[in-house]
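So you can see what is in the structure, the chains are spelled out below.
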Amino acid sequence: MPLHRLTYMTLDELITLVNTLKQRIQNHHDLLRKNETLTRYVLIDPLLRALGWDTENPNYVQPEITTQAGKPDYTLILDGCRVAFIGAKALGKQEDLIQQVSYCVSEGVRYFIATDGSRWEVYDTSIQKPLQERRIAEWD
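Residues numbered from 1 in each chain as written. Predicted model: local features only at pLDDT ≥ 70, side-chain atom pairs only at ≥ 80, totals over all residues. Heavy atoms only, no water.

Visitor: How do you make sense of the side chain of threonine 115 when you look at a structure like this?
Guide: Tracing the backbone shows threonine 115 in strand 4 (residues 111-115). A polar atom in the side chain of threonine 115 sits 2.8 Å from the backbone nitrogen of glycine 117. A polar contact of 3.4 Å, which involves the side chain of threonine 115, links it to the side chain of tryptophan 120. Not counting the four nearest positions on each side in its chain, threonine 115 is found in contact with Ile44, Ile86, Gly87, Ala88, Lys89 and Trp120. (Helix = DSSP H or I, 4+ residues; strand = E, 2+ residues; numbered from the N terminus. Polar contact = N/O pair within 3.5 Å; in protein donor to acceptor, adjacent residues only side chain to side chain. Contact = heavy atoms within 4.5 Å.)

Visitor: Looking at this structure, how should I read the side chain of aspartate 45?
Guide: Structurally, aspartate 45 is set in helix 3 (residues 36-50). Within the buried core, aspartate 45 has no salt-bridge partner, and the shortest N-O distance to an opposite charge, that of arginine 49, equals 4.4 Å. Of the polar contacts made by the side chain of aspartate 45, one reaches the side chain of tyrosine 74; its length is 2.4 Å. (Buried < 20%, exposed > 50% of the residue type's maximum accessible area, 1.4 Å probe, protein only. Lys, Arg positive; Asp, Glu negative; His and termini not counted. Salt bridge = Lys/Arg side-chain N within 4 Å of Asp/Glu carboxyl O.)

Visitor: What exactly am I supposed to notice about the packing of aromatic side chains here?
Guide: For any pair of aromatic rings, the description rests on two quantities: the centre-to-centre distance and the angle between the ring planes. Tallied over the entire structure, the rule returns one aromatic pair. Arranged with centres 5.8 Å apart and planes meeting at 10 degrees, the rings of tryptophan 120 and tryptophan 139 form a pair that is stacked. Of this pair, tryptophan 120 sits in strand 5 (residues 120-124) while tryptophan 139 is found in strand 6 (residues 135-139), placing the two residues 19 residues apart along the sequence. Look at tryptophan 139 and you get partly exposed, because its relative accessible area is 38%. (Phe/Tyr/Trp six-rings, centres within 6.5 Å; stacked < 30°, edge-to-face > 60°.)

Visitor: Looking at this model, I keep getting lost on the environment of leucine 91. Mind explaining?
Guide: Secondary-structure assignment places leucine 91 in the loop between strand 3 (81-88) and helix 4 (97-107). Look at leucine 91 and you get buried, because its relative accessible area is 5%. In contact with leucine 91, not counting residues within four places along its chain, are Ile25, His29, Leu32, Arg33, Thr39, Asp116 and Ser118.

Visitor: I would appreciate a short explanation of the nonpolar core in the present structure.
Guide: Here is a general trend for soluble globular proteins: nonpolar side chains tend to be buried in one another's company. Core analysis: the largest hydrophobic core is formed by 23 residues, its most contacted members being Leu48, Tyr74, Leu76 and Ile113. When contributions to this core are tallied by element, the ones reaching two or more residues are helix 1 (11-27), helix 3, strand 2 (74-78), strand 3 and strand 5. It is helix 3 that provides the largest number of residues to this core, a total of six residues. Aside from chain neighbours lying at most four places away, what touches leucine 48 is Trp53, Thr55, Tyr74, Ile86 and Trp120. In terms of nonpolar packing, the next biggest core, distinct from the first, is built from nine residues, Ile65, Phe85, Tyr103 and Cys104 among them. (Core = buried A, V, L, I, M, F, W, Y, C linked by side-chain atoms within 4.5 Å.)

Function cannot be read off these values alone, since they describe shape.
Here is the structure:
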């Protein structure tokens, strides 16, 4: 997936950011477990920006858009097309994956990403297999 920003993070900068995010999780674990908005603000948004998604530009990222099936927390947009929905939860909480995948299927969006800011899972909703076999990437 092409990056959107004019400036890109080097691998060293990305590693530094990941270490910063790990430290935030350790330092603010209790707060992040209670507050999805804080988790999004201090963990998810910085990583999205590091990966090239301009979270401040609605041409690339739109929060809480209404779909026929509900409201995904983020919509990632590339060349005017919605390419992924993201479901965000507070640290340690899990997304209702079936509901989130239904957002994608109803809107023709191929990818769904579930995250609590620490654990990230990417699903290809076009794969016609059981849900867990649709997971194509994960990291923590």
